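Residue-level structure breakdown
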Amino acid sequence: MNGEHAIEVSGLSKRYRGSRGQPDVEAVRGIDLQVAGGEVFGFLGPNGAGKTTTVRMLCTLLPISDGIATVAGIDVRNDPAQVRRRIGVALQEVGLDPTQTGRELLELQCGLYKVADPAARTVELLELVGLSDATDRLVKTYSGGMKRRLDLATALVHAPEVLFLDEPTTGLDPASRVTIWDEVRRINESGATVFLTTQYLEEADQLCERVAIIDEGKIVAQGTPDALKSELGSDVVTVGLDTDHHDDARRALSDVPNLDHITDAAEGLAVYVDDGAAAVADIVQLLGAAGIRPGAITLSRPSLDDVFLAATGRRIEGGLPAPAETAGVR
Amino acid sequence: MNETVLLGRRAVREVWRIPAATIPALFIPVFFLVVNLGQVNKIFTPSRTPFLHGQHYVAFQIPVSLVFAVSSATSGLAMVTDIDIGYLDKLLAAPIRRTAVVWGRLAADLARGVSVSIIVLAVGYAFGARVKSGGVGIVLLIVLAASWGVAYAGIAIAIALKTKNVQTTNASFLIFFPLLFLTPNFVPMDLLAGPLKAIARVNPVTYVITGLRDLVLFHDIHWGSLGACVLTIAATGVVLTWLSMRALATFAD
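Since the structure is predicted, the reported quantities are computational estimates derived from the model, not experimental observations.

What follows concerns the overall build of chain A. Helix and strand content of chain A: eleven helices and 14 strands. Seen through its principal axes, chain A has C-alpha atoms that stretch 75 × 45 × 45 Å. Burial analysis of chain A (330 residues in total) assigns 45% to the buried set.

Written out as structure tokens, the structure is:
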């Protein structure tokens, strides 16, 4: 492996030629990444940000337009066949043939990767992902969660050094999502580096030691989730308000001591302050003085969504628009 | 085990488990055979029709039905499905020769071609056709017809990989209609009208049908027509399989 990096990317770009006189589309714009061996790395961003395009380039499924990428120490452009031997891939679209049984698909996959005893490895993997009871059922009869788990098993047949998971829990119910998270942790504990794309902030928070946030093809933030959130340096006090009172409340709250900034929130306003616990009393007092009666007040730490908001002016999920204005910047 | 064998086994299982994908391809040529016989059986009688060489007209038509039955877009459609469900990506991310993906599909075409040819021959026998060249001729008919199915399958696979579209891939089957009917399919070459005869002479399907037909109508093997048939199948196979391999190589571009 090249140094300690399981994945190393420098200036990676992907351009698609524009059709019928349209300009070229640059889906990934010169990104740099380093993923250490043995870590779970989260690649976070909204739909269309460039996550899947990046993964497809690293998995040798898409030609690289510019830049350098190494996976498990091997240059993706120069030796894609070697890269394929060292990686496991579970893409966003569950790639399973519905006309085969779970056993047939896994044995086939073991055969393609030249696994020594395909039958034994298949039994082992089906047990690992909790599908032993469904071994000889056609895949088309599996639930969405079962398909995801089988897809994950197909990516593990050869115990890959680096595992790429592209939105592994999209479309799953909460229980199935937690099951997949447990599997990812177990795979990582067995020594595999995991590169995981997601648009779910909680997933990145739960699983990933480090994350990179991508937006419109560019990395806008990179680091551990805690470090990224700490950079915002604030607690968030969310104040429930009637829509009619937003502007008056925003003006009143601009006098909160140690205020960082205020943004719109689904319930009312989100007030970013250095010490949230101390600020709650001031917030209630200032709103009372302005004749505004607040609803529920909650105190939380900034989320990765706040990190994304700070970097791009937009939210990844939840559909909240960027704040029209902020107040009280120190 | 070899990756082509593994993928071929998977494709054959798929053919077996989705009979609905094969039955229509079988139904149409059998339907045409029955309708054609109903229309001309009393005109082309064995005693008054020299080009039948004493056989019923059904024997003259069996090679056409065989070629019709095996020339399907099924493998191309299966390839589009693999693209749609993401299974092709899984195969392309595996450390295998990419050509194995196409060879695996063609293996299924061979299996399908053999089964379909046996059924069409059985229908022909039920209507009174006999293969004059005997057991060797029957085996050759099945092998050659199935081989033509494999050779022709490359066009649907290439279109599937280029367009990733079901309707366009299915249209590769429609391309075959003019190829089939611009041949001496109803009467021998020397009875065709001038322009049609000129087209039939450069149509490769003519040589496939003629080679198969001679196996049905004559006791002795006609090496000239058989050789032309084998060469046509081989050349078509090389060109169309190369096209499908090329389409796969540039699939992600």
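As a further point, take the overall build of chain B. Looking only at helices and strands, chain B features eleven helices and zero strands. The linear arrangement of helices and strands in chain B, starting from the amino end, is α-α-α-α-α-α-α-α-α-α-α. Relative to the 2.2 N^0.38 estimate, which gives 18 Å for 253 residues, the radius of gyration of chain B is 19 Å and therefore close to what a compact globule would have. Each of the three principal axes of chain B carries a C-alpha extent, and together these read 65 × 35 × 30 Å. A buried classification covers 47% of the 253 residues belonging to chain B. Across chain B, contacts joining residues at least 24 apart in sequence account for 80% of those joining residues at least 6 apart.

What follows deals with the packing of helix α2 (residues 23–40) of chain B against helix α6 (residues 99–126) of chain B. All names here are of chain B. Orientation of α2 relative to α6, taken along the N-to-C sense of each, is 20°, at an axis distance of 11 Å. With respect to α6, the axis of α2 lies roughly parallel. For the element pair α2 and α6, the recorded crossing hand is right-handed. Facing L26, P29, V30 and L33 of α2, the residues of α6 in contact are V116, I119, V120 and V123.

What follows covers the confidence of the model for chain B. Chain-level statistics for chain B give a pLDDT mean of 90 and a share of 100% at 70 or above. Considering each helix and strand of chain B separately, the mean pLDDT is smallest for α2 of chain B, with a value of 84, and largest for helix α11 (residues 223–249) of chain B, with 96.

Residues other than glycine predominantly adopt negative phi, and peptide bonds predominantly adopt the trans conformation. In this structure, T60 of chain A takes a positive phi of about 70° despite not being glycine. In this structure, T60 of chain A sits in the loop between α1 (51–58) and β4 (66–71). Even without a glycine there, the phi angle at K164 of chain B is positive, about 55°. Position of K164 of chain B among the secondary structure elements: in the loop between α7 (134–163) and α8 (166–181).

Now for the interface of chain B and chain A. On the side of chain A, 22 residues touch chain B, which itself brings 20 residues to the contact. Where the side of chain B that touches chain A is concerned, the elements lending two or more residues are α1 (3–17) and α5 (87–92) of chain B. Among the elements that make up the side of chain B that touches chain A, the one with the highest residue count is α1 of chain B (six residues). For the side of chain B that touches chain A, the class distribution of residues is eleven nonpolar, one polar and eight charged.

Residues and elements named next belong to chain A. Listed as buried for helix α4 (residues 118–128) are P118, R121, T122, L125 and L126. End-on view of α4: buried residues confined to an arc of 130°, all on one side of the axis. Away from its buried face by more than 90 degrees, α4 exposes A119, A120 and E127. Packing partners of the buried residues in α4 comprise α3 (102–112) and α5 (144–154). Residue G130 follows α4 closely and has a positive phi angle near 70°.

What follows covers the pairing of strand β9 (residues 210–215) of chain A. Residues and elements named next belong to chain A. With respect to burial, β9 is a largely interior element, five of its six residues being buried. Relative to β9, strand β3 (residues 40–44) runs parallel, the two sharing four bridges. Bridge pairing in β9 links F41 to R210. Alignment of β9 against strand β10 (residues 218–223), held across five bridges, turns out to be antiparallel. Directly across from I214, in β10, lies its bridge partner I219. The antiparallel pairing of β9 with β10 creates a hairpin that spans two residues between the two strands, and E216 there sits at a positive phi of about 50°.

Residues and elements named next belong to chain A. The six strands lie next to each other as β6-β7-β8-β3-β9-β10, forming an open sheet whose pairing is mixed. The open sheet terminates on both sides in strands that have one partner only, identified here as β6 (87–90) and β10. Along the sheet, successive strands turn relative to each other by an average axial angle of 15°, direction set aside. Those strands touched by helix α11 (residues 304–312) are β3, β9 and β10, and its axis lies near 40° from that of β9.

The next thing to look at is the environment of W223 of chain B. Residues and elements named next belong to chain B. On the secondary structure map, W223 appears in helix α11. Among the residues examined, W223 registers 9 C-beta atoms within 10 Å and is labelled exposed. Spatially, the C-alpha atom of W223 lies 24 Å from that of L182, the residues being 41 residues apart in sequence.

By definition, the strands of a sheet pair up through backbone hydrogen bonds, in either a parallel or an antiparallel sense. Residue and element names in this part refer to chain A. Taken in spatial order, the four strands line up as β2-β1-β4-β5 in an open sheet, and their pairing is antiparallel. For this open sheet the edge positions go to β2 (25–36) and β5 (74–75), each flanked by a neighbour on one side alone. Examined bridge by bridge, strand β1 (residues 5–16) and β2 share eight bridges and lie antiparallel to one another. Looking across to β2, one finds that V9 is bridged to L33. Against the sheet, α1 contacts β1, β2 and β4, and its axis sits at roughly 115° relative to β1.

On to the environment of I262 of chain A. Mapped onto the elements of the fold, I262 of chain A is located in strand β12 (residues 259–264). Residues I262 of chain A and V237 of chain A, 25 residues apart in the sequence, show an inter-C-alpha distance of 9.5 Å.

Here we come to the pairing of β6 of chain A. Residues and elements named next belong to chain A. On β6, burial covers both faces: I87 and V89 on one face and G88 and A90 on the other are all buried. As defined by bridge partners, β6 adjoins strand β7 (residues 162–166) across four bridges and the pair is classed as parallel. The residue of β7 that forms the bridge with I87 is V162.

All names here are of chain A. With respect to the helices, strands and loops of the structure, A81 is situated in helix α2 (residues 80–86). A81 sits in the exposed class, given 12 other C-beta atoms within 10 Å. For the pair A81 and T60, spaced 21 residues apart in sequence, the C-alpha separation works out to 8.4 Å.

This part is about the packing of α2 of chain B against helix α3 (residues 57–70) of chain B. Axis angle and axis distance: for two packed helices, these are the angle between their axes and the distance between the axes, and together they describe the pair. Residue and element names in this part refer to chain B. Two numbers describe how α2 lies on α3: the axes approach to 9 Å, and their chain directions differ by 155°. Here α2 lies roughly antiparallel to α3, going by the angle between them. Judged by the twist between their axes, the crossing of α2 over α3 is right-handed. Residues A25, L26, P29, V30, F32, L33, N36, L37 and V40 of α2 touch α3, and the partners they reach there are Y57, V58, Q61, S65, F68 and A69.

Rules used in this analysis
- Residues numbered from 1 in each chain as written.
- Chains lettered and ligands numbered in written order.
- Predicted model: local features only at pLDDT ≥ 70, side-chain atom pairs only at ≥ 80, totals over all residues.
- Helix = DSSP H or I, 4+ residues; strand = E, 2+ residues; numbered from the N terminus.
- Buried ≥ 20, exposed ≤ 12 C-beta atoms within 10 Å, placed from the backbone.
- Rg over C-alpha atoms; globule rule 2.2 N^0.38 Å.
- Contact = placed C-beta atoms within 7 Å.
- Axes fitted to C-alpha atoms, helices over the stretch in contact; angles between N-to-C directions.
- Parallel < 35°, antiparallel > 145°, perpendicular 65-115°, else oblique.
- Left-handed = near helix turned anticlockwise from the far one by under 90°.
- pLDDT = per-residue confidence, 0-100.
- Nonpolar A, V, L, I, M, F, W, Y, C, P; charged D, E, K, R; others polar.
- Arc of directions from axis to C-beta.
- Pairing = 2+ DSSP bridges.

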